[in-house]
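A closer look at the structure
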Amino acid sequence: MTGMPTRALGALTVSAQGLGCMGMSHGYGTSDDAQSTATIHRALDLGVTLFDTSDFYGGGHNEELIGRALAGHRREQAVLATKFGFANRLGEPTALRGDAAYVRQACDASLRRLGVDHIDLYYQHRVDPDVPIEETVGAMAELVAAGKVRHLGLSEASARTIRRAHAVHPITALQSEWSLWTRDLEAEIVPVCRELGIGVVPFSPLGRGFLTGRVTSVDGLEAGDLRRTQPRFADGNLERNLAIVDALNDLAARRGVTAGQLALAWVQHRGADVVPIPGTRRQKYLEENLAAATLDLSAEELAAIDAVAPADGVAGTRYDEGSMSAVDQ
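Report follows, based on the coordinates. All values reported here derive from a predicted model rather than from experimental measurement.

Thresholds applied
- Residues numbered from 1 in each chain as written.
- Predicted model: local features only at pLDDT ≥ 70, side-chain atom pairs only at ≥ 80, totals over all residues.
- Heavy atoms only, no water.
- Buried < 20%, exposed > 50% of the residue type's maximum accessible area, 1.4 Å probe, protein only.
- Helix = DSSP H or I, 4+ residues; strand = E, 2+ residues; numbered from the N terminus.
- Pairing = 2+ DSSP bridges.
- Right-handed = clockwise from strand over helix to strand, strands pointing away.
- Expected span 1.5 Å × (residues − 1).
- Contact = heavy atoms within 4.5 Å.

A few words on the pairing of strand S6 (residues 119-124). The side chains of a regular strand alternate between both faces of the sheet. Of all six residues in S6, six are buried; the element is thus mostly enclosed. The pairing of strand S5 (residues 79-84) with S6 spans four bridges and is parallel. Looking at the pairing, Ala81 lines up with Leu121 of S6. Of the pairings in the sheet, the one linking S6 to strand S7 (residues 149-155) comprises five bridges and is parallel in character. Bridging across to S7, Leu121 finds its partner in His151. Tracing the backbone out of S6, into helix H4 (residues 133-145) and back to the parallel element S7 gives a crossover that is right-handed.

So this is what it looks like as structure tokens:
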């Protein structure tokens, strides 16, 4: 596979598909640093430039892993994105901080773990409801002025918050969940991003792996796998959602691709300003995902996908109650 196309996130040019690195340290059971590093290097070889991490993933381990994998000449090939906001990185993701002092502190800590002198794209991981977004983005803008950060982003922010943030300093990208089974941002948030020239970076574009068809029960998942606690994987909801995957499998078979590739290509077709970041630790799945970046779907195929996976057809909320409380509404 050669010639990975590029897309623009605001003023930042990146590969049309990025690599979400969370699962290499966090959320999906036991990880293997050597395997993860090899996958990152393979992604670079295949033309991926956008690599996404956070100070929250693995309590800082993920940033350290990515930093080691991108050390030396490989750093120049990568657009490095990380996030801040969860103040209790080793605990439950409920303590949010967006105050100016914490922004500065978090950035310096991320730079140390990553082993770099600047972060290409720095996101607020979740909006702190107790701190005006103007204070948070103002502090982030100071990091740009200091040369520590090149571009600013938000994650899971509301349309109103995006407007307020962008008025303080240009926002390059919004990272939020977007897939065939999570379409909350389509009505209001995406139009605001397009009005303001902000790119959209969908995380979990494969529904935490569910849309690949490889997860048919939580029984085979490791004890620490976050999907064991998520409503869409619970009994009752799981069966209804599997019916969507079965229908996707049928459509994919007609095209000669996998259900995951079809679901990911659907996200890629949302617009030239959309850069999904599917995550994987394995080179096999990396290569499968990247093939979707150049999979062209006709209007008829897109309509067929929408018909079998309607926005209101998914059973269960995307997070449990505690995690949903951290999403800026």
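All right, on to H4 then. The end-to-end C-alpha separation of H4 is 18 Å, in line with the 18 Å expected for 13 residues at 1.5 Å each. Listed in full, the buried residues belonging to H4 are Ile133, Thr136, Val137, Ala139, Met140, Ala141 and Leu143. Contact partners of the buried residues in H4: S5, helix H3 (100-114), S6, S7 and helix H5 (159-168). Backbone geometry just after H4 places Gly147 at a positive phi near 85°.

Here we take up the environment of Gly153. Inspection of the secondary structure puts Gly153 in strand S7. A relative accessible area of 0% places Gly153 in the buried class. Separated by 29 residues in sequence, Gly153 and Gln124 have C-alpha atoms that sit 6.5 Å apart.

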